[in-house]
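# Structure assessment
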Amino acid sequence: MKRKIVHLVDDESIIHDIFKKIFVESEYQLRISENKSQAKSNHTPDVDVVIMDQMIPGSSGMEIFKELKKDDPEIKAIFLTAFGTIEAAIEAIKQGALDYLQKPFNNIELKHKVDRVIKEKKLNRENTQLKKTLNDRFSFDNIIGRSPLLKKILNMVESVADSNSTILITGESGTGKELIAKAIHSNSNRKNMPFSPFNSSNIPATLFESLLFGYKKGAYTGAASDKKGVFEEADGGTIFFDEIANLTPETQAKILRVLQEKEIQPLGSNQIKKVDVRILAATNIDLMSKVKSGEFREDLYYRLNIIGIHLPPLRDRKEDIPILADTFMKRYSRENKKPIKGMSQKFLRQLMEYNWPGNIRELQNAMLRAVLLNQGDLLTPDALPQEILSKKKQQRKEKGSFNDQVDAFKRQVIVETLEENSWIQKKAAEDLQLKPSTLYELIKRLGIQK
Ligand SMILES: Nc1ncnc2c1ncn2[C@@H]1O[C@H](COP(=O)(O)OP(=O)(O)OP(=O)(O)O)[C@@H](O)[C@H]1O
Ligand SMILES: [Mg+2]
């Protein structure tokens, strides 16, 4: 158990002796300082309470208290005052001291006050500790967004983080799959163990196994010493298999085995090693279709997909665009020392109208580019790449000119009315309050056919 540290700052040896008698039990540790410099070197933040005399040669209790408080804002102090110096005591309490006691004091009263302060301090410490651990868990500081879709995902992450279960994270490229995988790991009880990403897409099939399971010296030409694989390195932690759809059938079989048996065998070794890793996997393609076409093992699919988290594309959660853009703008202007104050209305409108096939990564890149290229302190559309700007024009072009759009509307109304009247033009003309000849002309010009 931690000893209770009592720090007495007083120059009188009589008081020292009294304190030594009062705090004689082994649960207390008494530190005694006679002046300012001793007080400073004896004081550490784990001191539970300081008993401070007002009159210290060359200084004052108040002054020393203020000094100590600079380094230890949580300091708890009780002031000893001489008879008639009550004002000083009041001032001390105003400055954050906890209590005061008049000299000569009653030993029992002193001890009582000290114990009470220590008890309160301990409670406060526990509270801040508790708050801190609560904040440590489920902190998604780096995940930006306020859309209900994202909130749902974060709730899900929170509830599955500690479960140890494998999780399959799906979503288009750039939607934040790796970010979510990291969030799951860092909110799990494995958070102090390794998080090892493993991207299977650019690794030659022949290297998969040695990378994943490691090898023994001499397992093949060039294997000059033993090498640990990802599974062993991540032992106790999490492996994030990115682009899982690219795994070869042989590797799929081997990974399935590890998931089932929780053991690995390095290449060229006849030893089997136990490993404890959690697997998170991600894919941006529809893995089920690969299962149907026989390219991905069904049993592995179900093993991985015990819990599935799908990240919606950015265009389905456009509410997140302004805050993401703002965060990236601030980050990149700070990193690149560009004095950017904000975004123009038009700039933001362009961001909102674009459909972001590359999702958040594309938005991130666009914001970096804009910050670097922009003239002046307000981001304007000139700093955006052509494909984002032309989107609006393109949408208009796809719809056609004003006349084309009006014709399209006329065509729709006429076809609907003809349908309602079994394509009898005379009846349709009546409904539309048109002369039959006018309707006939329109049908011909608009190329309407049954
Ligand atoms: N909600 C978010 N808040 C802040 N940054 C985000 C968010 N989502 C994604 N990002 C950032 O966008 C970039 C792309 O995210 P990430 O690499 O996790 O996506 P991914 O789905 O793994 O993409 P890919 O399929 O291309 O590998 C990263 O820099 C990431 O930090
Ligand atoms: Mg990724």
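Everything numeric here is computed off the predicted structure, so don't read it as measured data.

## Things to note about a nonpolar patch on the surface
Together, Leu207, Leu211 and Tyr220 make up a nonpolar patch on the protein surface, roughly 230 Å² of accessible area in all. Considering the arrangement of structural elements, one finds Leu207 in helix α8 (residues 205-213).

## Focus on the domain arrangement of the chain
Per the domain assignment, the segments of the chain are domain 1 (4-134), domain 2 (148-311), domain 3 (315-398) and domain 4 (402-445). Centre-to-centre separation of domain 2 and domain 3, based on C-alpha positions: 34 Å. On the domain 3 side, the residues contacting the seven residues of domain 2 number 10 residues. Summed over both partners, the interface of domain 2 with domain 3 comes to about 680 Å²; 41% of that surface belongs to carbon and sulfur atoms. Our enumeration of links across domain 2 and domain 3 arrives at one salt bridge.

## Quick notes on the side chain of Ser333
Looking at the secondary structure, you find Ser333 in helix α13 (residues 320-335). Given the relative accessible area of 8%, Ser333 is considered buried. The contacts of Ser333, once residues within four sequence positions are left out, are Lys338, Ile340 and Val371.

## Observations concerning the site of ligand 1
Taken together, 17 residues lie near ligand 1, and Ile144, Gly174, Lys177, Arg361 and Gln364 sit nearest. With respect to ligand 1, the backbone of Leu179 contributes an N or O atom lying 3.0 Å from an oxygen atom. The side chain of Arg361 places a nitrogen or oxygen atom 2.7 Å from an oxygen atom of ligand 1. Mapping ligand 1 onto the cavity grids shows that it belongs to the largest pocket. Elements supplying a minimum of two residues to the shell around ligand 1: α7 (177-186), α13 and α15 (359-373). Of the residues that constitute the shell around ligand 1, the class distribution is six nonpolar, seven polar and four charged. Here the shell around ligand 1 gathers at least three residues from each of two domains, domain 2 (148-311) and domain 3 (315-398).

Rules used throughout
- Residues numbered from 1 in each chain as written.
- Chains lettered and ligands numbered in written order.
- Predicted model: local features only at pLDDT ≥ 70, side-chain atom pairs only at ≥ 80, totals over all residues.
- Heavy atoms only, no water.
- Patch = residues over 30% accessible without salt bridge, like charges linked within 9 Å, V, L, I, M, F, W, Y side chains within 5 Å.
- Areas by Shrake-Rupley, 256 points an atom, 1.4 Å probe, with all protein chains shown as cover.
- Salt bridge = Lys/Arg side-chain N within 4 Å of Asp/Glu carboxyl O.
- Helix = DSSP H or I, 4+ residues; strand = E, 2+ residues; numbered from the N terminus.
- Domains from an automatic or database assignment.
- Contact = heavy atoms within 4.5 Å.
- Buried area = accessible area lost by both parts, 1.4 Å probe.
- Buried < 20%, exposed > 50% of the residue type's maximum accessible area, 1.4 Å probe, protein only.
- Near = heavy atom within 4 Å.
- Polar contact = N/O pair within 3.5 Å; in protein donor to acceptor, adjacent residues only side chain to side chain.
- 1 Å grid on protein atoms, 1.4 Å probe; cavity = no way out; pocket = protein on both sides within 12 Å on 5 of 7 lines; lining within 4 Å.
- Sits in = over half its atoms within 2 Å of the grid points.
- Nonpolar A, V, L, I, M, F, W, Y, C, P; charged D, E, K, R; others polar.

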